[in-house]
Amino acid sequence: MQRPSALLQTDAPARIESRALGTLAFIRASIESSGSMDVPGMAGIVMGLVGLLASVLVATPLLAPHWLGIWLSAAVVALLFGGILVARQVAVQGRPGFLGPVRRFVLCLCPALGAGAVLTGVLWNAGAIRVIPGTWLLLYGCAVLSASTVINAAVSRLVCTMGALFVVLGCVAFALPVIAHTATLGLGFGGLHLLFGLLIRRHSHGR
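Residues numbered from 1 in each chain as written. Predicted model: local features only at pLDDT ≥ 70, side-chain atom pairs only at ≥ 80, totals over all residues. Heavy atoms only, no water.

A. Spatial organisation of a nonpolar patch on the surface. Residues Leu53, Leu57, Leu62 and Leu63 make up a contiguous nonpolar surface patch of about 370 Å² in total accessible area. With respect to the helices and strands, leucine 62 occurs in the loop between α2 (41–59) and α3 (67–93). (Patch = residues over 30% accessible without salt bridge, like charges linked within 9 Å, V, L, I, M, F, W, Y side chains within 5 Å. Areas by Shrake-Rupley, 256 points an atom, 1.4 Å probe, with all protein chains shown as cover. Salt bridge = Lys/Arg side-chain N within 4 Å of Asp/Glu carboxyl O. Helix = DSSP H or I, 4+ residues; strand = E, 2+ residues; numbered from the N terminus.)

Structure representation (structure tokens):
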């Protein structure tokens, strides 16, 4: 029969090792969470609704000639509402060091979005209007793919998939006739945003 002291000597290393592993797991989880950010599904839903509204307006014969202004206005409104919802979630969470991931998220989005804004003016002045929708979808998809690298791992795959679909849709748009561009933009900025916003919201509430 073992003495009590022998039992204590046998169990102690196991308990110390267990606590050490738990501490390491906590530290790793803290590092991962501090280096990523959450994106609210509601932001995608609102942006999708704005995109669908824009496509409906452009499909109206009276407003069709003003399609560029309508879509640019919709982009500003969608980005504004999306930014407000993301900022609201950041404020609610209030995690220390959270501004780092937000800054990286913005830096991932801005280059491709800025390139899209510049190319819109260049293509419009050059008379290459038919390639503008494809350019928007392609560059926006690239921006979303880049931003997915700093998003919480729980939803980053969904965001990455959405970005890839935008890229594919942009490539398809280059080959489509002008008459199909309104539907293509509506499918991308309206449909994809709405669908993945709902998926992200459902996934986040299911955790």
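B. Representation of the packing of aromatic side chains within the structure. Using the criterion set out here, one finds 5 aromatic pairs in the structure. Ring plane angle 55 degrees and centroid distance 6.1 Å describe the contact between tryptophan 67 and tryptophan 136, whose orientation is recorded as tilted. Linking tryptophan 67 in helix α3 with tryptophan 136 in helix α5 (residues 132–147), this pair joins segments that are 69 residues apart in sequence. Residue tryptophan 67 is classed as buried on the basis of its relative accessible area, which comes to 18%. Where tyrosine 140 meets phenylalanine 166, the ring centres are 4.9 Å apart and the plane angle is 70 degrees; that geometry is what we call edge-to-face. On the criterion of sequence distance, the pair formed by tyrosine 140 in helix α5 and phenylalanine 166 in helix α6 (residues 153–175) is long-range, its members being 26 residues apart. Both residues of the pair, tyrosine 140 and phenylalanine 166, count as buried. Put simply, the rings of Trp71, Tyr140, Phe166 and Phe189 pair up and form one aromatic cluster. (Phe/Tyr/Trp six-rings, centres within 6.5 Å; stacked < 30°, edge-to-face > 60°. Buried < 20%, exposed > 50% of the residue type's maximum accessible area, 1.4 Å probe, protein only.)

C. Main features of the side chain of threonine 120. With respect to the element layout, threonine 120 can be found in helix α4 (residues 99–126). Engagement of the side chain of threonine 120 in a polar contact is seen with the backbone oxygen of glycine 116, the distance being 2.7 Å. Each residue touching threonine 120, except ones within four places of it in the same chain, is listed here: Leu68, Ile132 and Trp136. (Polar contact = N/O pair within 3.5 Å; in protein donor to acceptor, adjacent residues only side chain to side chain. Contact = heavy atoms within 4.5 Å.)

D. Just the nonpolar core, in detail. The biggest cluster of nonpolar side chains holds 39 residues, and the ones touching the most others in it are Trp67, Trp71, Phe105, Trp136, Leu137, Phe166 and Phe189. Those elements giving two or more residues to this core turn out to be α2, α3, α4, α5, α6 and α7 (181–206). Here the element with the most residues in this core is α3; it accounts for 8 residues. If we skip the residues at most four places from it in the chain, phenylalanine 189 touches Met47, Gly48, Gly51, Trp71, Trp136, Leu137, Tyr140 and Phe166. (Core = buried A, V, L, I, M, F, W, Y, C linked by side-chain atoms within 4.5 Å.)

E. Representation of α5. Along its 16 residues, α5 runs 22 Å from first to last C-alpha, staying within 8% of the 22 Å computed at 1.5 Å per residue. With 12 of its 16 residues buried, α5 lies for the most part within the structure. Turning to α5, its buried residues number three or more, namely Ile132, Pro133, Gly134, Thr135, Trp136, Leu137, Leu139, Tyr140, Gly141, Ala143, Val144 and Ala147. (Expected span 1.5 Å × (residues − 1).)

F. Highlighting α2. The terminal C-alpha atoms of α2 lie 27 Å apart, and with 19 residues this matches the ideal 27 Å at 1.5 Å per residue to within 8%. Every buried residue of α2 is accounted for by Gly41, Ala43, Gly44, Ile45, Met47, Gly48, Val50, Gly51, Ala54, Ser55 and Val58.

G. Representation of the packing of α5 against α6. Contact geometry of α5 with α6 gives a least axis separation of 7 Å together with a crossing angle of 160 degrees. It follows from the interaxial angle that α5 and α6 lie roughly antiparallel. Note on packing geometry: the crossing formed by α5 with α6 is left-handed. Of α6, the residues touching α5 (which contributes Gly134, Thr135, Leu137, Leu138, Tyr140, Gly141, Cys142, Val144 and Leu145) are Val159, Cys160, Met162, Gly163, Ala164, Phe166, Val167, Leu169, Gly170, Cys171, Ala173 and Phe174. The residue makeup of the contact of α5 with α6, split by class, is 16 nonpolar, 5 polar and no charged. (Axes fitted to C-alpha atoms, helices over the stretch in contact; angles between N-to-C directions. Parallel < 35°, antiparallel > 145°, perpendicular 65-115°, else oblique. Left-handed = near helix turned anticlockwise from the far one by under 90°. Nonpolar A, V, L, I, M, F, W, Y, C, P; charged D, E, K, R; others polar.)

Geometric values such as these leave the question of function open.
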